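Descriptive analysis of the structure
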Amino acid sequence: MSHAEPSMDATVDILAEKAGSSSLRRDTIRNVLRQRSAVVGLTIMSILFLVAVFAPLIAPYEPNTSMLDLGEPGSRGDPPCIHLFGCPEDEPQHLMGLDSNIRDEFSRVVHGSRVSLQIGFLTVSFAIVVGTIIGAIAGYAGGASDNVLMRMMDVVLSFPSLILAIAIVTVLGTGLTNAMLAIGIVSIPIYARVMRASVLSVRETDFVTASRALGESSRGILTRRILPNSLTPLIVQGTLGIGGAILEVAALSFVGLGAQPPTAEWGFMIASDRNLFFSAPHLIIFPGIAITLSVLAFNLIGDGLRDALDPRLNR
Amino acid sequence: MSRSRRWSPRLAVLAASAAIVFAACGGSTATTTPSTAPESSAPTTAPESMAPYEAMVYPASGEAPCGQTDAPDANHSAYTGNFKKISATDEKTVVFELCNPDVAFLSKIAFTSFAINDTAWLESKIDPAGTTNQAIVNEVNGTGPYKLEAWNRGSDVTMARNDAYWGNQAKTEKLIFRWSTEAAQRLVELQSGTVDGIDNVGPTDFPTVEGDAALALKPRAGLNIFYVGMNNTYAPFDNDMVRQAIAMGIDRQRLVDNFYPPGSEVATHFTPCAIPNGCAGDAWYEFDAAAAKQMLADAGFPDGFTTKIQYRDVVRSYLPDPNVVAQDIQAQLKANLNITADIEVQESGTFLDNADAGKLEGIHLLGWGADYPDVTNFLDFHFGSGSSLQFGDKWDDITSALAAGGAGTDDAAREPSYVTANNAIKTHVPMIPIAHGGSAVAYRADVTDAHSSPLGNEYFAVMTPGDRSQFVWMQNAEPPGLYCADESDGEALRVCEQMTESLYSYEVAGTAAEPALAEKCEPNTELTVWTCTLRSGVTFHDGAALDANDVVLTYAVQWDADHPLHKGRDGSFTYFPGLFSGFLNPPPPAPEG
């Protein structure tokens, strides 16, 4: 019966919409914007994005160019020189001073935002994709598949994530890409567990039962019915995970396993100038603040999203 | 053997038999038993001085084949070393016979790697059947003012005063070595009073220490060299023009001006000019980026190439901030020669082992601090016939000039040889000398007799840390091992120097060689035979008495690559061939590739 299929889809879609909320997206945005902390997070994140996108325009120098190459005066660890605050006009302005290699610290911090945001999003995206697949299969298939997959995830979770990441980088070799991969791998179980829990919950809903009753294939049910309705907790977890990924890759870079010289990555920048802590503390403080702000932004947004999407907290 | 003995004729036969068996099995040590056996009426507990002395001679076969040009067999290379024979003529006399004169002999034997070990100790702590990481690496049985109490891996080395020391007792009961690679941490520890002295004050921390009345800064002369090395067995560094182009393409003045502390200077030669004949010959290439780029193009690399910059992240007097200097060299190579160099940091011990084994295929950053003030310590160790594979295949014009220079008997006569050697080094560019780094150590102000040593071997037995009963020193890194015959890292050598002693030693805070375990070592007129008389009453930390056989075996296990006890941490024994031109029974060259 050729006319039965559109009818089935329409019916299920209506059920699915009813099972969720017709104004979920609108409510979510409204709820997020009601929370000051989330708004602060969104503001910081927006600024970070703008800085990252327009880094070449904002930064006065190339991040890896030494003042020595430009013939400009300066020595390692010079403090900030801001004309507005009394620094002589005949001296070149360096908002955050000069680093150990006599490079403009502000330019490196600005370009570092690009690296850090890429790290955060790529790492979490990789972990979400792989974790979603594993969690969805485990949750939907159940039985032995569920057991095997989740026990594997438990094994990964049983190691301290940073230690496991260090082990992975040691095997794969140092470098930013491998560090991101390592952090992504150790993050997979988190998303797999979240996804599995969502699938277990959603697969018992009426619209899934209806789809099954109407003869839709397992793959169709999983991809068209269950996954779209299981993403909410993943989005929350992913947002929180971005901050964590930025922090962990910075930690790997600090110990020399992540970003390699001369990459302008905040963790590496702190490591590179750590011996100037007493004579030029600004070289530690500014990248440190950048890391703090970016992690804080994603944590605030994540918390806001979680609250906004939790029906129990709806007012 | 140096432990006190009780003598009897029966024991004499047994001992002689054992010595013959030992020599026959290992081929390592011959003994000459005195012809006069003790009278049968002699007391069985005769004083030690009356016991016949079984003096060792090395090598057992007579003497080493000086001047050998061809490999004697497939398992060995030709002998290039300068030792001909070592003999213990009696309990307190050792005779070193050399192939060629060595004017720096006393300075060389004063070096820490040649600290004397007890025969029984060597035989018990080195397993002839073993390979690397022998027991002797973790334990010390020296004759020095301190003895090892504990080496807590990753934390500290603790030493206790040796109350049986033959010389002046150490001023402090305990000496503790700690370490941190971070200059900032070392300074914080000193400021907070948890340590009494630190090595290598950070380049930017000099004013902080000088401005603190509770601290005392002790600048150290730059008797060192920081260089950029290349191995000529790896492409593209197998091309002379490539190495010359890099030599011209690095602005060394920029490195010294911006990243080195006060007291540093650009190196015109590999050896510091303060050392006689160090600066003989032409000064190094001037920086010329355009000419360098053209030369690289002429060498077949108009667009540059990709390589690595390999180093260890360990602060040394010659390299106060490795990461920063490496990044600037990386930037200069890119800007001046379009060479893309990825930075590769290796663990310190691994890096040194890789360097010695010729396994560093990129540009590597390393340096050298003077062990004794003679040009041989710099040039022969790195470029002489007995040097390691660090720079690849050796150049005959360099090795022959160094051999001639080492055989000279006075500085003026040696100069032409070092002119030739330095000019040949400049032509072949096995490395690029960058800087002689000034550095400083710092102490708490109440430490008396605090000093810095131009050789980096501060001697803590003479220091008193206020009213405290222990002296805590914080250096840059943990020693890889404590059998310093098989170490070349200054962090290990300084620890050994507190507990072990050589026949000669260097004056405190100076460079002159002065008698230590030997009361004197006197040469013949040709400087080819050195007769050393040992000091009486010296005992090792375990109570064994020092005798001439201890000296012979200490040298023999380092000298002979085939000796059953020629084993340690990694078995490289880098210093011996570096200073005395080669091993006895040297292994064949490593196969290509």
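The rules behind these values
Residues numbered from 1 in each chain as written. Chains lettered and ligands numbered in written order. Predicted model: local features only at pLDDT ≥ 70, side-chain atom pairs only at ≥ 80, totals over all residues. Heavy atoms only, no water. Helix = DSSP H or I, 4+ residues; strand = E, 2+ residues; numbered from the N terminus. Rg over C-alpha atoms; globule rule 2.2 N^0.38 Å. Buried < 20%, exposed > 50% of the residue type's maximum accessible area, 1.4 Å probe, protein only. Areas by Shrake-Rupley, 256 points an atom, 1.4 Å probe, with all protein chains shown as cover. Lys, Arg positive; Asp, Glu negative; His and termini not counted. Charge placed at Lys NZ, Arg CZ, Asp CG, Glu CD. Contact = heavy atoms within 4.5 Å. Buried area = accessible area lost by both parts, 1.4 Å probe. Salt bridge = Lys/Arg side-chain N within 4 Å of Asp/Glu carboxyl O. Polar contact = N/O pair within 3.5 Å; in protein donor to acceptor, adjacent residues only side chain to side chain. Pairing = 2+ DSSP bridges. Phe/Tyr/Trp six-rings, centres within 6.5 Å; stacked < 30°, edge-to-face > 60°. Lys NZ or Arg CZ within 6 Å of the ring centre and 35° of its normal. pLDDT = per-residue confidence, 0-100. Disulfide = S-S within 2.5 Å. Domains from an automatic or database assignment. Nonpolar A, V, L, I, M, F, W, Y, C, P; charged D, E, K, R; others polar. Core = buried A, V, L, I, M, F, W, Y, C linked by side-chain atoms within 4.5 Å. Axes fitted to C-alpha atoms, helices over the stretch in contact; angles between N-to-C directions. Parallel < 35°, antiparallel > 145°, perpendicular 65-115°, else oblique. Left-handed = near helix turned anticlockwise from the far one by under 90°.

Counting secondary structure elements, chain B contains 16 helices and 23 strands. For 593 residues, the compact-globule estimate of 2.2 N^0.38 gives 25 Å, and the C-alpha radius of gyration of chain B, at 25 Å, lies within 12% of that figure. Dimensions of chain B, computed from C-alpha atoms along their principal axes, come out at roughly 90 × 60 × 45 Å. Split into buried and exposed, the 593 residues of chain B put 59% on the buried side. As presented, chain B carries roughly 21,100 Å² of accessible surface, and 51% of it is formed by carbon and sulfur atoms. Positive and negative charge centroids in chain B, built from 37 and 76 side chains respectively, lie 5 Å apart.

Along the backbone of chain A there are 14 helices and zero strands. Its helices and strands in sequence order give chain A the pattern α-α-α-α-α-α-α-α-α-α-α-α-α-α, from N to C terminus. In terms of principal-axis extent, the alpha carbons of chain A reach across some 80 × 45 × 35 Å. Burial analysis of chain A (315 residues in total) assigns 47% to the buried set.

Below, the discussion takes up the interface of chain B and chain A. Of the residues lining the interface, 18 residues belong to chain B; the matching set on chain A comes to 18 residues. When chain B packs against chain A, close to 1,800 Å² is buried across both sides, 45% of that on carbon and sulfur atoms. Of all residues in chain B, the largest losses of buried area upon contact with chain A belong to T204(B), N258(B) and Q327(B), amounting jointly to 28% of the total for that side. At the boundary of chain B with chain A, the tally comes to four salt bridges. Across the pair D321(B) and R76(A) runs a salt bridge whose closest N-O atoms are separated by 2.6 Å. Taken together, the links from chain B to chain A amount to eleven residue pairs in polar contact (both at pLDDT 80 or more). Taken together, the elements giving at least two residues each to the side of chain B that touches chain A come down to α4 (183-192), α7 (252-259) and α9 (322-337) of chain B. A total of five residues in the side of chain B that touches chain A trace back to one element, the largest contributor, which is α9(B).

This brings us to the sheet that holds strand β5 (residues 146-152) of chain B. Residues and elements named next belong to chain B. If you trace the seven strands from one edge of the open sheet to the other, you get β5-β6-β7-β19-β8-β16-β9, paired in mixed fashion. Single-partner strands in this sheet number two, and they are β5 and β9 (215-220). Sheet topology places strand β7 (residues 174-179) next to strand β19 (residues 470-475); six bridges connect them, and they run parallel. Residue pairing in the sheet places F177 in a bridge with W473 of β19.

Quick look at the packing of aromatic side chains now. Scanning the entire structure with this criterion turns up 37 aromatic pairs over all chains. An angle of 50° between the planes, with centres 5.5 Å apart, marks the rings of F49(A) and F121(A) as tilted. Remark: F121(A) occurs in helix α6 (residues 105-141) and F49(A) occurs in helix α3 (residues 36-53); sequence separation between them is 72 residues. On the basis of relative accessibility, which here comes to 30%, the residue F49(A) falls in the partly exposed class. Among the residues examined, F121(A) registers a relative accessible area of 31% and is labelled partly exposed. Against the face of Y285(B) rests K426(B), its NZ or CZ located 4.9 Å from the ring centre.

Residue and element names in this part refer to chain B. Regarding α4, the residues found buried are A183, A184, R186, L187, E189 and L190. Considering only its buried residues, α4 is in contact with β7, β8 (197-198), α5 (206-210), β9, β16 (439-444) and β19. Just downstream of α4, G193 is the residue with a positive phi angle, here 85°.

Residue and element names in this part refer to chain B. The six strands lie next to each other as β11-β15-β10-β14-β12-β13, forming an open sheet whose pairing is mixed. Of all the strands in the sheet, just β11 (265-266) and β13 (340-346) have a single pairing partner and so form its edges. Note: strand β10 (residues 224-229) against strand β14 (residues 363-369), six bridges, orientation antiparallel. In the strand pairing of β14, V228 is matched with L365.

Turning next to the confidence of the model for chain A. Residue and element names in this part refer to chain A. Averaged over all residues, the pLDDT of chain A equals 88, while 90% of them reach at least 70. Mean pLDDT values over the elements of chain A span from 54, in helix α1 (residues 4-19), up to 96, in helix α4 (residues 55-58). Across residues 1-6, confidence stays below pLDDT 50; counting only partners more than four residues off in sequence or on other chains, it has zero contacts.

With that out of the way, let us pick up the state of the cysteines. All names here are of chain B. Inspection of the entire model under this criterion finds five disulfides over all chains. At a sulfur-sulfur separation of 2.0 Å, the disulfide partner of C521 is C532. Here C521 and C532 share a disulfide; its torsion about the S-S bond, 115°, makes the bridge right-handed. Here the residue C521 occupies a position in strand β22 (residues 518-523), and C532 occupies one in strand β23 (residues 529-534), the gap between them amounting to eleven residues. Take C521 and C532: they sit in the same class, and that class is buried. Taking only the cysteines that form disulfides and numbering them from first to last, chain B has the pattern 1-2, 3-4, 5-6, 7-8.

Residues and elements named next belong to chain B. The assigned domain composition of chain B is domain 1 (21-133 + 504-580), domain 2 (144-221 + 439-497) and domain 3 (224-436). If you average the C-alpha positions of domain 1 and of domain 2, the two centres end up 30 Å apart. Domain 1 puts 29 residues into the contact, and the matching count from domain 2 is 25 residues. Surface buried jointly by domain 1 and domain 2 totals about 1,900 Å² across both partners, of which 60% is contributed by carbon and sulfur atoms. A per-residue breakdown of the area domain 1 buries against domain 2 is headed by T112, H541 and R569, which together make up 31% of the total. The tally of links from domain 1 across to domain 2 stands at one salt bridge. Between E487 and R569 there is a salt bridge, with its nearest N and O atoms 2.7 Å apart. Seen at the junction of domain 1 and domain 2, the total is ten residue pairs in polar contact (both at pLDDT 80 or more). Grouping the constituent residues of the side of domain 1 that touches domain 2 by class yields twelve nonpolar, 13 polar and four charged.

F83(B), F96(B), I246(B), L503(B) and Y555(B) are the most contacted members of the largest nonpolar core, which has 136 residues in total. Filtering out sequence-adjacent residues up to four positions away, Y555(B) remains in contact with F83(B), I86(B), F96(B), I109(B), F114(B), I116(B), L503(B) and F576(B). Grouped together as the second largest cluster of nonpolar side chains are 68 residues, I168(A), V249(A), A264(A) and I270(A) included.

Topologically, T123(A) is positioned in helix α6. When residues no more than four places from it in sequence are discounted, the contact partners of T123(A) are Q118(A), M180(A), I183(A), G184(A) and A245(A).

Residues and elements named next belong to chain A. In contact at an axis separation of 11 Å, helix α8 (residues 161-172) and helix α12 (residues 231-254) are set at 55° when each is read in the N-to-C sense. The angle between α8 and α12 falls in the class oblique. Relative to α12, the crossing made by α8 is right-handed. Only E248, A251 and L252 of α12 make contact with α8, whose side of the interface consists of S161, L162, A165, I166 and V169. Looking at the contact of α8 with α12, its residues break down into six nonpolar, one polar and one charged.

Turning next to the environment of R153(B). Residue and element names in this part refer to chain B. Following the sequence through the fold, R153 ends up in the loop between β5 and β6 (156-161). Sequence separation between R153 and P479 is 326 residues, and the spatial gap between their C-alpha atoms is 9.4 Å. If we skip the residues at most four places from it in the chain, R153 touches N138, E478 and P480.

Mapped onto the elements of the fold, R76(A) is located in the loop between α5 (67-70) and α6. When its relative accessible area of 10% is taken as the criterion, R76(A) is described as buried. At 3.5 Å, the side chain of R76(A) forms a polar contact with the backbone oxygen of S100(A). Other than its neighbours up to four places away in sequence, R76(A) contacts L98(A), D99(A), S100(A), I102(A), L276(A), P203(B), T204(B), N258(B), F259(B), D321(B) and V324(B).

A cis amide bond links P261(A) with the next residue in sequence, P262(A), at an omega value of 5°. Here P262(A) lies in the loop between α12 and α13 (266-272). Y58(B) connects to P59(B) through a cis peptide bond whose omega is 0°. The topology assignment puts P59(B) in the loop between β2 (55-58) and β3 (83-90). With a phi angle near 40°, F573(B) is a residue other than glycine that sits in the positive phi range. On the secondary structure map, F573(B) appears in the loop between α15 (548-559) and α16 (575-580). Residue class for F573(B) comes out buried when judged on its relative accessible area of 0%. Backbone geometry at N585(B) places phi at a positive 55°, although glycine is not the residue there. N585(B) gets classed as partly exposed once you look at its relative accessible area, which sits at 27%.

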